[in-house]
Amino acid sequence: MSELSRFPEPLHVGRPNIGDRKRLQERIDAALDRRWLSNGPLVLELEETVAALAGTAHCVATCNGTIALQLAARACGIEPGTEVIVPAFTWVATPHALSWIGVTPVFCDVDEETANLSPALVKELIGPATGGILGVHVFGRPCAVDELADIAAGAGLPLMFDAAHGLGSTYHGRPLGGFGSVEVFSFHATKFINSFEGGALVTDDPAIAARARAMRNFGIGEDGLVQSHGTNAKMGEASAAMGLTSLENIDALIAYNALNHRRYEQGLDGLPGVSVRRQAPGERANHQYVVIEIDETAAGIHRDRVHEILERHNVRSRRYFHPGCHRHEPYRSHPRIHAPLPLPHTEGLSERVLSLPTGSVIGAEEISGVCDIIRWAVESTRTIT
């Protein structure tokens, strides 16, 4: 491999976009001058901005996306001891958020093309203990929203969406965020829009929004009285300042991500057994993830071997999501509870997909180098075999 260069600095998946530092500092300085660091005007402005972007009536900002999922579930009336159907192919934070509040995640297999919940299998999993359905817009590609909505309505269940990957993407031309009972965004540092750390839930239901707002602040309602159980899930003003600064650049970031996506497609075009996963046709996509799929039979090399070779060249690719959630504890020890049906598509995808570096710090030169390494890995293996 002497002919291939090792990158002097690691190339990461999800390296943070910083945005306009001067504008960020101005916002933080204003918060300091006001001496108003929590429950302040920047959080309110962020909520209004995100609601407008998502096309929803309400947004409730939180300290992170995981707790936003927990507030969403509780605000939808999902009780401890009930079950919620979730995809097995997602980050473990999704089921963990439910388990942490006493709700049992039941894993469902996904559609192989979209990597999202299979509506037909969701229908099979609904039982007397089912309290809700939670879809995940994996890699920003929208779920089969209409089919899931029909199933949820027919069963009288709340439908929620984990849209941690979905900000700025659309379904049937409408922004993700306004579907189901409630959707949840993440503004974690690795997301293309970040608030250092943070999250939000968005909804058109005023009752869900009011319950979530109260629970975010120790259960305190608008009248100042404690109305229910609650926690401290508030976002601080500094995080809101970062979120607003990041959102000001969203269109440019999406355009640049899309350009990087095309660069990877061109760089890997025609390579046997390697394909770049596409977004939904006819929809706007945020392209915050570039995900390739490696078919070991056609490529002559397993995804994990490519991952190892990239690592040696200082490319920190990620095996999103390996293994499937049902293979993590505490779920794998109780398969009858958490995985009552086979999960072949989840198993297959978790062995084939690999996320590659993109974002504002990755350009044509870096992408060309990454593609050269992947080409070398595949072509040298095929030559040897």
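A short tour of the structure in this document, coming up. This structure is a prediction, so every number in the text was calculated from the model and none was measured. (Residues numbered from 1 in each chain as written. Predicted model: local features only at pLDDT ≥ 70, side-chain atom pairs only at ≥ 80, totals over all residues. Heavy atoms only, no water.)

**Regarding the overall build of the protein chain**
Looking only at helices and strands, one finds 14 helices and 14 strands in the protein chain. A compact globule built from 385 residues should have a C-alpha radius of gyration of about 21 Å, and the protein chain, at 21 Å, falls within 12% of that. Judged by the C-alpha coordinates and their principal axes, the protein chain covers about 70 × 55 × 35 Å. Considering only intrachain contacts with a sequence separation of at least 6, the fraction spanning at least 24 residues in the protein chain is 71%. Element-wise, carbon and sulfur atoms account for 52% of the exposed surface of the protein chain, whose accessible area totals about 16,600 Å². When the 34 positive and 45 negative side-chain charges of the protein chain are each reduced to one mean point, those points stand 4 Å apart. (Helix = DSSP H or I, 4+ residues; strand = E, 2+ residues; numbered from the N terminus. Rg over C-alpha atoms; globule rule 2.2 N^0.38 Å. Contact = heavy atoms within 4.5 Å. Areas by Shrake-Rupley, 256 points an atom, 1.4 Å probe, with all protein chains shown as cover. Lys, Arg positive; Asp, Glu negative; His and termini not counted. Charge placed at Lys NZ, Arg CZ, Asp CG, Glu CD.)

**Side note on the packing of helix 1 (residues 21-34) against helix 8 (residues 237-247)**
Running from amino to carboxyl end, helix 1 crosses helix 8 at an angle of 150°, the nearest separation of the two axes being 9 Å. With respect to helix 8, the element helix 1 is oriented roughly antiparallel. Read as a crossing pair, helix 1 and helix 8 show a hand that is right-handed. Side by side, helix 1 and helix 8 meet where R23, L24, R27, I28, A31 and R34 of the first sit next to E237, A241, M242, L244 and T245 of the second. Residues that form the contact of helix 1 with helix 8 fall into these classes: six nonpolar, one polar and four charged. (Axes fitted to C-alpha atoms, helices over the stretch in contact; angles between N-to-C directions. Parallel < 35°, antiparallel > 145°, perpendicular 65-115°, else oblique. Left-handed = near helix turned anticlockwise from the far one by under 90°. Nonpolar A, V, L, I, M, F, W, Y, C, P; charged D, E, K, R; others polar.)

**Focus: the pattern of salt bridges**
A complete count under the given rule lists 18 salt bridges for this structure. Its salt-bridge partner being E26, residue R23 comes within 3.3 Å of it at the nearest N-O pair. Of the two residues, R23 and E26 both sit in helix 1, three residues apart, roughly one turn of that helix. Residue classification places R23 among the partly exposed positions, given a relative accessible area of 31%. Take E26: its relative accessible area is 38%, and that puts it in the partly exposed class. Ionic pairing is found between E293 and R352, a salt bridge with its closest N-O pair at 2.6 Å. A residue pair is termed long-range when its members are at least 10 positions apart, and E293 in strand 12 (residues 290-294) and R352 in helix 13 (residues 344-352) qualify at 59 residues. We classify R352 as buried; its relative accessible area is 18%. Through salt bridges with shared partners, a single network forms among R23, E26, R27 and E248. (Salt bridge = Lys/Arg side-chain N within 4 Å of Asp/Glu carboxyl O. Buried < 20%, exposed > 50% of the residue type's maximum accessible area, 1.4 Å probe, protein only.)

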